[in-house]
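Spelled out, the chains give:
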Amino acid sequence: TLTDEVLAVLGEPARVHVPATLSYFTADRASESELIALLGDESLGARHLAALVLGRRRTEGARAALEHVAESIAARGPQEPGDDLPEAEQRLLRETVRALRRLPAATTTTALLARLLMHPNRDVKDPVLRDPPADPALRQAMRQVAAENWGWQESTAREWLEEHGK
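A short tour of the structure in this document, coming up. (Residues numbered from 1 in each chain as written. Predicted model: local features only at pLDDT ≥ 70, side-chain atom pairs only at ≥ 80, totals over all residues. Heavy atoms only, no water.)

1. Quick word on the packing of helix α3 (residues 32–39) against helix α4 (residues 48–57)
The geometry of α3 relative to α4 is characterised by a closest axis approach of 9 Å and an angle of 145° between their N-to-C directions. The element α3 and its partner α4 pack so that their crossing is left-handed. Each of E32, L35, I36, L38 and L39 in α3 lies in contact with α4, whose residues at this interface are A50, A51, V53, L54 and R57. Of the residues assigned to the contact of α3 with α4, the class counts are eight nonpolar, no polar and two charged. (Axes fitted to C-alpha atoms, helices over the stretch in contact; angles between N-to-C directions. Helix = DSSP H or I, 4+ residues; strand = E, 2+ residues; numbered from the N terminus. Left-handed = near helix turned anticlockwise from the far one by under 90°. Contact = heavy atoms within 4.5 Å. Nonpolar A, V, L, I, M, F, W, Y, C, P; charged D, E, K, R; others polar.)

Listed below in structure tokens is the structure:
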């Protein structure tokens, strides 16, 4: 890598590991199976770009991988409502939820969205509340969000409940 070359010129041993970062252009040229593999590579920076391209392509075969990524982020997400999810995780979760929403509705995805809404952390709920589906299976989760009194998330949940039945 360039880092190793610079350190060699300085006479320093290579001690720095620079993780690989996905570019949009690489993601856009990748096949669907390559994108799914990239999505699962936790050492890769900018994995959200793989989710973005999968969503744009509406790749049904990626549903399980996308759901797994969202579940993983929720599982390790902060348990306190006001604690921040790391920015890279926020971007990845946002693009993963968007990709899942572009696919035909599925009970596994709806159940996942409900679990994200019921998570105690606001950052985990955020991508679902940005564009909540009109699925009645989300009523209980939306009631919980509305009861939490967390600013715009509460008002979004209340509006959703008024529109889709309490």
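2. Quick look at the side chain of N121
Relative to the helices and strands, N121 resides in the loop between α7 (107–118) and α8 (122–130). Polar contacts involving the side chain of N121 include one to the main-chain amide nitrogen of D123, which spans 2.7 Å. (Polar contact = N/O pair within 3.5 Å; in protein donor to acceptor, adjacent residues only side chain to side chain.)

3. Some words on the pattern of salt bridges
According to the stated counting rule, one finds 12 salt bridges in the structure shown. Here D131 makes a salt bridge to R101, at a shortest N to O gap of 3.4 Å. Of this pair, D131 sits in the loop between α8 and α9 (139–147) while R101 is found in helix α6 (residues 87–102), placing the two residues 30 residues apart along the sequence. Here R101 falls in the partly exposed class, since its relative accessible area comes to 29%. With a shortest N-O distance of 3.0 Å, D126 and R130 are connected by a salt bridge. Of this pair, D126 and R130 both sit in helix α8, separated by four residues, roughly a single helical turn. Overall, the relative accessible area of 15% leaves D126 in the buried class. (Salt bridge = Lys/Arg side-chain N within 4 Å of Asp/Glu carboxyl O. Buried < 20%, exposed > 50% of the residue type's maximum accessible area, 1.4 Å probe, protein only.)

4. What about the nonpolar core?
Residues L39, L66, L93, L116, L117 and M142 are the most contacted members of the largest nonpolar core, which totals 41 residues. Of all the secondary structure elements, the ones that give two or more residues to this core are α3, α4, α5 (63–76), α6, α7, α8, α9 and α10 (152–164). Residue contributions to this core peak at six residues, all from α5. Apart from the residues lying within four places of it in its own chain, the contact partners of L93 are A70, I73, L85, L116, D123, V124 and P127. (Core = buried A, V, L, I, M, F, W, Y, C linked by side-chain atoms within 4.5 Å.)

5. Some words on the packing of α6 against α8
Orientation of α6 relative to α8, taken along the N-to-C sense of each, is 30°, at an axis distance of 9 Å. Here α6 is positioned roughly parallel relative to α8, judged by the angle of their axes. Of the two possible hands of crossing, α6 and α8 adopt the one that is right-handed. The residues of α8 that touch α6, namely those facing Q90, L93, R94 and V97, are D123, V124, P127 and V128. The class makeup of the residues in the contact of α6 with α8 is five nonpolar, one polar and two charged. (Parallel < 35°, antiparallel > 145°, perpendicular 65-115°, else oblique.)

6. Overview of α9
For α9, every residue scored as buried is listed here: A141, M142, V145 and A146. Taken down its axis, α9 places every buried residue within 140° of arc, on the same side. Every exposed residue of α9 that faces more than 90 degrees away from the buried side is listed here: Q140 and A147. Where α9 is buried, its residues contact α7, α8 and α10. Of the residues trailing α9, N149 is marked for its positive phi of about 55°. (Arc of directions from axis to C-beta.)

7. Describing the side chain of K125
Mapped onto the secondary structure, K125 falls in helix α8. Setting aside anything within four residues of it in sequence, one finds K125 in contact with L116, L117, M118, H119, P120, Q144, V145, E148 and Q153.

So yeah, pure geometry; function would need other evidence.
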